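Each chain, written out:
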Amino acid sequence: MEIYEIILKNYNYWIFIILMFTGLYGVIAKNNIIKKLIGMNIFQTSIILFYVSLSAKLDGTIPIITETDKHKPDTLIDAANYMNPLPHVLMLTAIVVSVATIGVALALAIKVYRTYETLEEDEIRRKIASGYTGEN
Amino acid sequence: MSPLLDLIILSMTVICAIGALAVKDLLGASIVLGAYSFLLCLAWAIMGAVDVAFTEAAVGAGVSTVFFVAAVFHTTRETKD
Amino acid sequence: MKTFARITILFCLGVFLWQSWDFPDWGDKDSPASSHLSPYFAKNTMKDSHVPNIVSAILADYRGFDTMFETAVVFSAGLACFFLLRRKPPKTKSKYYRHLPTGITVKITGEGKEPSKDSKVFRQIDSLWTPYDLIIRKTTQYIIPFVQIFALYVVAHGHYSPGGGFQGGVILAATIILFAVSRNLVAGLRWVSEKAASVSAAIGVFIYAGAGAMCIVLGKVFLNYEALMEVFGTDSVMARYYGIFVVEIGVALAVTTVMIWLYYNLSSSGKHDEGL
């Protein structure tokens, strides 16, 4: 039973760490530019998973004030029953910023392909070293 | 919030993430990334973050996959690694 | 390079997993993340602004500054993509038209005379020759109005249900992208032109910043919606309620049009003649 409890208490951190390092491996070690962008997307979403899992509570309810709590004065509302809303707000901003970043990064990848006719990083490096300018 | 269901979905998420980086076809990698975003949205809905799950479903599994497919369409589909 | 990367990442993975032993338990009600600032938000949203959705209230009212700059970031991403990719299509490209009564495809290059844009008999198709797609056209024609109504519902009910400006804006953009994918990019451009999309994105950011600036003009601090009491004619609690709604409309407009603008530029690689 103890192994089961240890897994149950910590597994979100383990999965977040595995995902983060998968994304980081994709950014560092892959040659293709689009694979690097996929790695960057995995990295960003893993950080969002970390924050959202910090805000979860085992028997809590979603952070919308229920009908019975709406009419109570603020000293009587038990805030420990609601999931923590603050990381949700920060992560909404993070998701929208990540999609804007992916849009601009894909536009840059299309531009690189237009100039160098390839998307592999080592071929691009070779072409730059040999002075290839392309027709664009 | 049920931890057992969450554990199953998060394990499938890790498999999708490793798969998105290992597939050799770039169009296939974009589709697997869309599946990864959708599984992550399910995991957040189980954890009670409904706003974040809504946004990730619309943005990650919708618009971001379209952008990736559009970029792959205008560059090349094959890759060596 | 790859072996070096693998060794480094495995080492850092080991260090992180070793350190994660000290983190607070998952699902704990007394974890430090949930005990300092969040109870204040949960207790005081109904008293301050009468909005049950705590996340929307924090996003647009307590942390409105972050959301304003996030809208500006989204707009500048659309602008950057436009400057990177946009160029004129070459003039000698050939266009394909399908004659609807007989099903014949006509290819017109260079100096041929093209059918008029509103002709009911000829329909333009992309140069990758597409088969006749009655099912896709009819299905999307019936689905798109309902999804748009749902998107507007999500924007308007951000106070009471999960949703708000971002989510509704992205769903609305997805309907127009669906229209452009199922038919032609040229048909999509005729519905929402690029000029309308880019100007509306700027107007969306302007609505948000303008609501904040109006609060300065009426006497209080930037983005303090209680100064809009005189404009709406209610008390200070309902002024914050309506202030949040105005700001969400600005965010939805900006996010919708920037997603459409990004799609137009990415799917045609800047040339705006044919899409996915």
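Residues numbered from 1 in each chain as written. Chains lettered and ligands numbered in written order. Predicted model: local features only at pLDDT ≥ 70, side-chain atom pairs only at ≥ 80, totals over all residues.

Peer 1: Looking at this model, I keep getting lost on the overall build of chain C. Mind explaining?
Peer 2: Looking only at helices and strands, chain C has 10 helices and three strands in total. Overall, chain C shows an N-to-C arrangement of helices and strands of α-α-α-α-β-β-β-α-α-α-α-α-α. Its C-alpha atoms give chain C a radius of gyration of 25 Å, more than 25% over the compact-globule value 19 Å for 276 residues. Dimensions of chain C along its principal axes, counting C-alpha atoms only, are 70 × 65 × 35 Å. For chain C, buried positions account for 35% of its 276 residues. (Helix = DSSP H or I, 4+ residues; strand = E, 2+ residues; numbered from the N terminus. Rg over C-alpha atoms; globule rule 2.2 N^0.38 Å. Buried ≥ 20, exposed ≤ 12 C-beta atoms within 10 Å, placed from the backbone.)

Peer 1: Would you mind showing me how to read helix 5 (residues 134–156) of chain C here?
Peer 2: All names here are of chain C. Taking 1.5 Å of rise per residue, the 23 residues of helix 5 would be expected to cover 33 Å, and the 34 Å separating its terminal C-alpha atoms lies within 8% of that figure. Of all the bends in helix 5, the greatest, near 25°, is centred on Ile143, and the proline Pro145 appears no more than four residues after it. Of all the residues in helix 5, the buried ones are Ala151, Val154 and Val155. Those residues of helix 5 hidden inside the fold are in contact with helix 6 (165–182) and helix 10 (236–267). (Expected span 1.5 Å × (residues − 1). Bend = angle between axes of the 7 residues up to and from the residue. Contact = placed C-beta atoms within 7 Å.)

Peer 1: Would you explain the confidence of the model for chain A in this entry?
Peer 2: It should be kept in mind that the predicted coordinates are not to be read in detail where pLDDT is low. Overall, the prediction assigns chain A a mean pLDDT of 86, with 97% of residues at 70 or greater. No element of chain A has a lower mean pLDDT than helix 1 (residues 2–29) of chain A, at 86, and none a higher one than helix 2 (residues 33–54) of chain A, at 93. (pLDDT = per-residue confidence, 0-100.)

Peer 1: How should I be thinking about the environment of Leu86(A) in this particular structure?
Peer 2: Mapped onto the elements of the fold, Leu86(A) is located in helix 3 (residues 86–116). Look at Leu86(A) and you get buried, because 24 C-beta atoms sit within 10 Å. Each C-alpha atom of the pair Leu86(A) and Ser55(A) lies 8.0 Å from the other, and the pair is 31 residues apart in sequence. Ignoring anything within four residues of it in the chain, the contact list for Leu86(A) reads Leu37(C), Ser38(C), Phe41(C) and Ile58(C).

Peer 1: Sorry, what's going on with the interface of chain B and chain A here?
Peer 2: Put simply, an interface is often sized by how much accessible area is lost when its parts join up. Contact with chain B, which involves 35 residues of that partner, is made by 40 residues of chain A. At the level of secondary structure, the elements contributing two or more residues to the side of chain B that touches chain A comprise helix 1 (3–22), helix 2 (26–46) and helix 3 (50–74) of chain B. Ranked by residue count, the leading element in the side of chain B that touches chain A is helix 3 of chain B, at 13 residues. For the side of chain B that touches chain A, the residue count by class is 24 nonpolar, seven polar and four charged. (Nonpolar A, V, L, I, M, F, W, Y, C, P; charged D, E, K, R; others polar.)

Peer 1: Would you explain the nonpolar core in this entry?
Peer 2: Side chains of a nonpolar character, in soluble globular proteins, are inclined to be buried together. Counting residues in hydrophobic clusters, the biggest one holds 122 residues, and the most contacted among them are Leu106(A), Phe67(B), Ala71(B), Val170(C) and Val258(C). When neighbours within four sequence positions are excluded, Val170(C) is seen to be in contact with Ala58(B), Val59(B), Gly62(B), Val63(B), Val255(C) and Met259(C). Residues Cys215(C), Leu223(C), Ala227(C) and Ala239(C) belong to the second largest nonpolar core, which totals six residues. (Core = buried A, V, L, I, M, F, W, Y, C linked by C-beta atoms within 7 Å.)

Peer 1: Would you mind going over the environment of Phe83(C) with me for this structure?
Peer 2: Residue and element names in this part refer to chain C. Secondary-structure assignment places Phe83 in helix 4 (residues 64–85). For Phe83, a count of 10 C-beta atoms within 10 Å corresponds to the exposed category. C-alpha of Phe83 to C-alpha of Ala151: the two residues are 68 residues apart in sequence and 29 Å apart in space.

Peer 1: Help me understand the sheet that holds strand 1 (residues 95–99) of chain C in this model?
Peer 2: The pairing of strands in a sheet comes from backbone hydrogen bonds and takes either a parallel or an antiparallel form. Residue and element names in this part refer to chain C. Strands sit in the order 2-1-3 across an open sheet of three strands; the sheet is antiparallel. Among the strands making up the open sheet, the edge pair consists of strand 2 (104–108) and strand 3 (122–125). Between one strand and the next, the sheet's axes are offset by a mean angle of 35°, whatever the strand orientation. Pairing geometry for strand 1 and strand 3, over four bridges, is antiparallel. Bridged to His99 within strand 3 is Phe122. (Pairing = 2+ DSSP bridges. Axes fitted to C-alpha atoms, helices over the stretch in contact; angles between N-to-C directions.)

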